[in-house]
Amino acid sequence: MLYRSRFPAGLALACMLAGGCLSSAASASPAATLEPIRLGMIEGMSGPFANAGEAVEHNIRFAVEQVNARGGVRLPDGRHSLSLTVFDSKQGVEDALLQLKQLTDQKIPFVLEGNSSAVAGALVEAINKHNARTPDNRVLFLNYSAVDPALTNEKCSFWHFRFDANADMRMRVLVEVIKSDHQAKSVYLIGQDYSFGQQVAKAARQQLQAARPDIRIVGDELHPIGKVKDFAPYIAKIRASGADTVITGNWGNDLTLLVKAAKEAGLRLKFYTFYANSLGAPAAIGDAGVGTVRAVAEWHPNIADGVQNAASDAFYRSFRQRFPQPQDDYLFLRMDVMIDMLASAIEKAQTTEAAAVARALEGAQYKSKFHEASMRTSDHQLIQPLYVAVMQKLADGGIRFDNEGSGYGFKTERYLAPAATALPTTCKMQRP
């Protein structure tokens, strides 16, 4: 439903709650369920990265349920629940564009996607054209994981908001740790051969040169995304290069199979990764990763001691209660932040109309007991803290939670406050 503020003053109020719909005391008419505010997630739900799509769906459903449990989103006619519809892109650009057409035909005002920067780039372009052609059915694109920096730089769009740190921001935090790692002398870059993987390699080269010009880059490899079943030949190349450190942006099975191949080959290296804390990677790495494998994220279950712990632990435990299976232990705070900020923006705009909600999101602030963030107006990039965490063994007692029941989790090694993670933007926003 596309809600605009055109309702008669005497329209009955209604409140969509978890158990039903409560009528307003101000209205004598029977209680009626208001149409939900629909969100459309376009994601790869089949194919080699289906587990990543399923994990994202769990995160977003959890966030939607949190909003609905507190009464939904307040609009002039009452409270509306959020409703999520999932469209399978099969992790492909053409399929994603077909799913976008179905989404817009259903007049769903909010598009969610993130597991592919290639898909995200195509969606931005298509949404720009769609919104220009059909101003009465415009949509807003909320990006939770597509981290190609171009999306908030030269390809920035008024209709696109990113809730994850981009690849350059993530690399900056990893390089901050590598900078003080005096044992790091030779680095091997390996990644997936598409826009994101290419950008990770570019950022690593540039930032390492600036921070540690003494480090040699002894390999720079891109492999087909989602198609490599055996990474042993790549591990052999890494061994032959003499590298002591690997930097990779790989995710999903491409990361799990890479680190598993290194483990099976007995190759002990330091892995600096974007995503080694999920989707089977901790179990695949095992003891070989303790003290050597690092991941960067906006949050993780074992954040610093202090007041933060109680609220963070409660948040994590509530997710695990909702999704108790070990393989479902994939929680990223940014998706909860995204849905919460969207709900607040809709309430501020008093409509679900895309342009109005976009203006309400610009400059918006988020703050909880353990996290804070702000949406930068100039490029629609969320600015938030980032952590680099190092893999630990739960049995050793240094962490409170493991990942996916593996017996291994991550401990904070470096924390950067929001201001320290922000990078300049070249965005020249075209506004409607």
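See the structure shown above.
**Details of the overall build of the chain**
Point 1. Within the chain, the secondary structure is distributed over twelve helices and 19 strands.
Point 2. Taking 2.2 N^0.38 as the reference for a compact globule, 432 residues should give roughly 22 Å; the C-alpha atoms of the chain span a radius of gyration of 22 Å, in line with that estimate.
Point 3. Dimensions of the chain along its principal axes, counting C-alpha atoms only, are 75 × 45 × 40 Å.
Point 4. Every one of the 432 residues in the chain was classed for burial, and the buried ones make up 58%.
Point 5. Partitioning the intrachain contacts of the chain with sequence separation of at least 6 by distance along the chain shows that 72% fall at a separation of at least 24.
Point 6. Taking the average place of the 47 positive charges on the side chains of the chain and the average place of its 44 negative ones, the gap between the two points comes to 3 Å.

**What to know about the nonpolar core**
Point 1. Counting 137 residues, the largest nonpolar core has Ile60, Leu112, Leu140 and Ile339 as its most contacted members.
Point 2. Looking at which element gives the most residues to this core, the answer is helix α10 (residues 333–349), with ten residues.

**Thoughts on helix α5 (residues 195–211)**
Point 1. For α5, which comprises 17 residues, the first-to-last C-alpha distance of 24 Å matches the rise-based estimate of 24 Å (1.5 Å per residue) to within 8%.
Point 2. Inspection of α5 places Phe196, Gly197, Gln199, Val200, Ala201, Ala203, Ala204, Gln207 and Leu208 among the buried residues, and these make up the whole buried set.
Point 3. Elements that come into contact with the buried residues of α5 comprise α3 (117–133), α4 (167–179), β10 (186–192), β11 (216–223) and β12 (245–248).

**Some words on the pattern of salt bridges**
Point 1. Taken as a whole and assessed by the stated rule, the structure comprises 21 salt bridges.
Point 2. The shortest N-O distance in the salt bridge between aspartate 340 and arginine 70 comes to 2.8 Å. Of this pair, aspartate 340 sits in helix α10 while arginine 70 sits in the loop between α1 (50–69) and β4 (73–75), placing them 270 residues apart in sequence.

**Things to note about the sheet that holds strand β17 (residues 382–383)**
Point 1. Ordered in space as β15-β16-β17, the three strands form an open sheet in which the pairing is antiparallel. The open sheet terminates on both sides in strands that have one partner only, identified here as β15 (365–367) and β17.
Point 2. When strand β16 (residues 372–375) meets β17, the two strands line up antiparallel, connected through two bridges. Bridging across to β17, serine 374 finds its partner in isoleucine 383.

**With respect to the environment of glycine 72**
Point 1. Within the secondary structure, glycine 72 sits in the loop between α1 and β4.
Point 2. With a relative accessible area of 5%, glycine 72 lands in the buried category.
Point 3. Placed 35 residues apart in sequence, glycine 72 and isoleucine 37 show a C-alpha to C-alpha distance of 9.3 Å.

**A look at the packing of α10 against helix α11 (residues 354–361)**
Point 1. At their nearest, the axes of α10 and α11 sit 8 Å apart, and the two run at 110° to each other. Taken as axis vectors, α10 and α11 run roughly perpendicular relative to one another. Note that α10 runs across α11; the crossing there is right-handed. When α10 is examined against α11, the residues Met341, Leu342, Ala345, Ile346, Lys348 and Ala349 are found in contact with a partner set consisting of Ala356, Val357, Ala360 and Leu361.

**Digging into unusual backbone geometry**
Point 1. One non-glycine residue, lysine 107, lies in positive phi territory at about 60°.
Point 2. Here lysine 107 is to be found in the loop between α2 (93–105) and β7 (110–113).
Point 3. One non-glycine residue, histidine 380, adopts positive backbone phi at about 65°.
Point 4. Residue position: histidine 380 is located in the loop between β16 and β17.

**A closer look at the side chain of threonine 351**
Point 1. Tracing the backbone through its elements, the reader meets threonine 351 in the loop between α10 and α11.
Point 2. At a separation of 3.0 Å, a polar atom in the side chain of threonine 351 contacts the main-chain amide nitrogen of glutamate 353.

**Here's the deal with α11**
Given 3.6 residues per turn, any residue in an α-helix points the same way as the ones three and four places further on.
Point 1. Most of α11 sits out of view: six of its eight residues are buried.
Point 2. Of all the positions in α11, only Ala354, Ala355, Val357, Ala358, Ala360 and Leu361 are classed as buried.
Point 3. Here the buried face of α11 lies against β7, β8 (140–143), β9 (160–162), α10 and β16.
Point 4. One or two residues past the end of α11 sits glycine 363, with phi positive at roughly 75°.

**Re the sheet that holds strand β19 (residues 408–416)**
What holds strands together in a sheet is hydrogen bonding between their backbones, with the strands either parallel or antiparallel.
Point 1. Across the sheet, which stays open at both edges, the seven strands sit in the order β11-β10-β12-β13-β14-β18-β19 with mixed pairing between neighbours. Each end of this open sheet is capped by a strand with a single partner; those strands are β11 and β19. Shown here is a sheet whose adjacent strand axes are inclined to one another by a mean of 20°, direction ignored.
Point 2. Where strand β18 (residues 386–393) and β19 come together, eight bridges link them in antiparallel fashion. Considered in β19, the bridge of tyrosine 387 is made with tyrosine 415.
Point 3. Lying over the sheet, α5 contacts β10, β11 and β12, oriented at roughly 160° with respect to β10.

Thresholds applied
Position numbers for residues count from 1 along each chain, tracking the sequence in the order it is written. Since the coordinates come from a predicted model, pLDDT governs what is reported: local features require at least 70, and pairs of side-chain atoms require 80 or more to be given and counted, while whole-chain, interface and lining totals use all residues. The side-chain quantities take in all heavy atoms of the structure and omit both hydrogens and water. Numbering of helices and strands runs from the N terminus; a helix is a DSSP stretch of H or I covering at least four residues, while a strand is a stretch of E covering at least two. Here the globule rule is a power law, 2.2 Å times the number of residues to the power 0.38, and the radius of gyration is based on C-alpha atoms. Think of it in three bands: residues with accessible area under 20% of the maximum for their type are buried, residues over 50% are exposed, and the middle band is partly exposed, with areas taken using a 1.4 Å probe on protein chains only. By definition, residues are in contact when any of their heavy atoms lie within 4.5 Å. Neither His nor the chain ends contribute to the count of charged residues, in which Lys and Arg are positive and Asp and Glu negative. Charge placement uses NZ in Lys and CZ in Arg. For Asp and Glu, CG and CD serve respectively. To define a nonpolar core, start from buried Ala, Val, Leu, Ile, Met, Phe, Trp, Tyr and Cys residues and group those joined through side-chain atoms within 4.5 Å. What a helix should span is 1.5 Å times the count of its residues minus one. Any carboxyl oxygen of Asp or Glu that lies within 4 Å of a side-chain nitrogen of Lys or Arg is treated as forming a salt bridge with it. Strand pairing follows a simple DSSP-based rule, namely that at least 2 bridges must link the two strands. Lines fitted to C-alpha atoms define the axes here, with helix axes fitted over just the stretch in contact, and angles between the N-to-C directions of these axes take values from 0 to 180 degrees. Relative orientations are named as follows: roughly parallel for angles under 35 degrees, roughly antiparallel for angles over 145 degrees, roughly perpendicular for angles from 65 to 115 degrees, and oblique for any other angle. Two helices cross in a left-handed way if the nearer one is turned anticlockwise from the farther one by less than a right angle. They cross in a right-handed way if the turn is clockwise. Side-chain atoms alone can form a polar contact between residues adjacent in sequence; in general such a contact is a pair of N or O atoms within 3.5 Å, and within protein one must be able to donate a hydrogen while the other accepts it.

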